[in-house]
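Spelled out, the chains give:
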Amino acid sequence: MKSKKWIAAAMVAGMTLSASVGAYAASNVESIKAQLNHELGFVVNGQAYTPKDAAGKSLDPIVYNNTTYLPVRALGEALNVPVTYDAAGKKVVVGTQSAGNHSGTPTGQTQSGLTAITYTAAQKAAAKQAFAAFEGFETAYAPMQAATGDTFRSVGAGGDSVTYVFDNMKVAIAPRDDSFGYDFTPVTLSNGVKGNWYKPSDRDMLTFPVGDRFVTIWSDNGSLSKAQIQAVAVHVEKASF
């Protein structure tokens with residue numbers, strides 16, 4: 001655990017994000033002379049690890065004034081820790097934060113890159129009707145936050161699950177563990193819930209328990225990272241519809 005905390009601290013100290021430097025005023029940007037260390041390897045939780053960017057290109061750590069700076073987003077993925085950039089507050093956010101902070105983040109938007117979902121009366125009724133189709137599992141559950149910019153489209157029952165459909169993700173809630181029978185990678189979410197990442201086809205899917213149900217989240221179009229999906233996952237809860 002100590003090593004994990006050290007790595008997380010190093011991530012914050014050595015920011016390598018896709019956010020443009022232009023987001024900052026020129027007076028706050030200082031040019032430095034540093035070196036890329038192509039020889040330094042990494043071990044994360046006992047496994048050899050190579051940091052990579054979103055395109056799969058290997059990333060090397062930067063050495064400056066005898067301090068090694070690590071790529072925060074790539075390492076966040078390896079540690080299953082959400083890492084996002086709050087453009088309004090000009091902050092790197094590691095992990096999740098509640099929307100109640102006072103950081104200048106727009107109302108309804110959390111610093112973790114999530115936005116609270118406001119369901120209409122018709123959408124709530126559709127969710128209640130979908131869950132009512134399953135005897136013994138009539139209580140409605142729902143995702144309460146989505147990745148910023150994502151839009152909720154519909155909810156309905158199919159097979160033995162209720163699925164919420166967004167532009168960039170789907171959230172299925174069922175009385176079973178969808179990862180059963182597949183090779184999976186265990187993960188602990190930021191709220192302490194243990195789940196599994198598995199890949200039944202061409203998309204990684206996250207399954208975890210909530211109450212007496214199992215929730216599966218995935219991004220059909222691949223636009224959401226594992227960290228973003230995990231950030232959404234901790235906000236799936238019993239709905240007061």
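Residues numbered from 1 in each chain as written. Predicted model: local features only at pLDDT ≥ 70, side-chain atom pairs only at ≥ 80, totals over all residues. Heavy atoms only, no water.

Draft legend 1. Seen up close, the overall build of the protein chain. Scanning the protein chain for helices and strands turns up four helices and 18 strands. Put simply, the protein chain has 241 residues, and 36% of those count as buried. Counting only contacts in the protein chain whose residues sit at least 6 apart along the sequence, the fraction spanning at least 24 positions is 54%. With an accessible surface of roughly 13400 Å², the protein chain has 52% of that area assigned to carbon and sulfur atoms. (Helix = DSSP H or I, 4+ residues; strand = E, 2+ residues; numbered from the N terminus. Buried < 20%, exposed > 50% of the residue type's maximum accessible area, 1.4 Å probe, protein only. Contact = heavy atoms within 4.5 Å. Areas by Shrake-Rupley, 256 points an atom, 1.4 Å probe, with all protein chains shown as cover.)

Draft legend 2. Structural view of the pattern of salt bridges. Counted according to the given criterion, the structure contains four salt bridges. Across the salt bridge formed by D167 and R153, the nearest N and O atoms sit 2.7 Å from each other. Residue D167 is found in the loop between β12 (161–166) and β13 (170–174), and its partner R153 is found in strand β11 (residues 152–158); the two are separated by 14 residues along the sequence. A relative accessible area of 36% places D167 in the partly exposed class. A salt bridge links R213 to D212; its shortest N-O distance comes to 2.8 Å. Overall, D212 belongs to the partly exposed group, its relative accessible area being 44%. (Salt bridge = Lys/Arg side-chain N within 4 Å of Asp/Glu carboxyl O.)

Draft legend 3. Examining unusual backbone geometry more closely. One non-glycine residue, N65, lies in the positive phi region at around 50°. Tracing the backbone through its elements, the reader meets N65 in the loop between β4 (62–64) and β5 (67–69). If you check the backbone angles, N66 has positive phi at about 65° while not being a glycine. Judged by its relative accessible area of 79%, N66 is exposed.

Draft legend 4. Quick peek at helix α3 (residues 121–132). Between the first and last C-alpha of α3 there are 16 Å, a value that for 12 residues agrees with the 16 Å anticipated at 1.5 Å per step. Every buried residue belonging to α3 is among A127, A130 and F131, and all of these are buried. Looking straight down α3, one finds its buried side chains confined to an arc of 95°; they lie on one side. Structural note: α3 exposes A121, A122 and Q129 on the side pointing more than 90 degrees away from its buried face. (Expected span 1.5 Å × (residues − 1). Arc of directions from axis to C-beta.)

Draft legend 5. Structural context of helix α4 (residues 226–233). In terms of residue burial, α4 counts as a mostly covered element, since six of its eight residues are buried. Residues of α4 that are buried include every one of A227, I229, Q230, A231, V232 and A233, and no others.

Draft legend 6. Representation of the environment of D178. Inspection of the secondary structure assignment puts D178 in the loop between β13 and β14 (184–188). We classify D178 as buried; its relative accessible area is 17%. Along the chain, D178 and F208 lie 30 residues apart, while their C-alpha atoms are 9.0 Å from each other. Apart from residues lying up to four places away in sequence, D178 is in contact with Y198, T207 and T216.

Draft legend 7. Here's a closer look at the environment of A147. One can find A147 in strand β10 (residues 145–147). By relative accessible area, which is 4% here, A147 ends up buried. Spatially, the C-alpha atom of A147 lies 8.5 Å from that of N168, the residues being 21 residues apart in sequence. Not counting the four nearest positions on each side in its chain, A147 is found in contact with G113, L114, L224, Q228 and V232.

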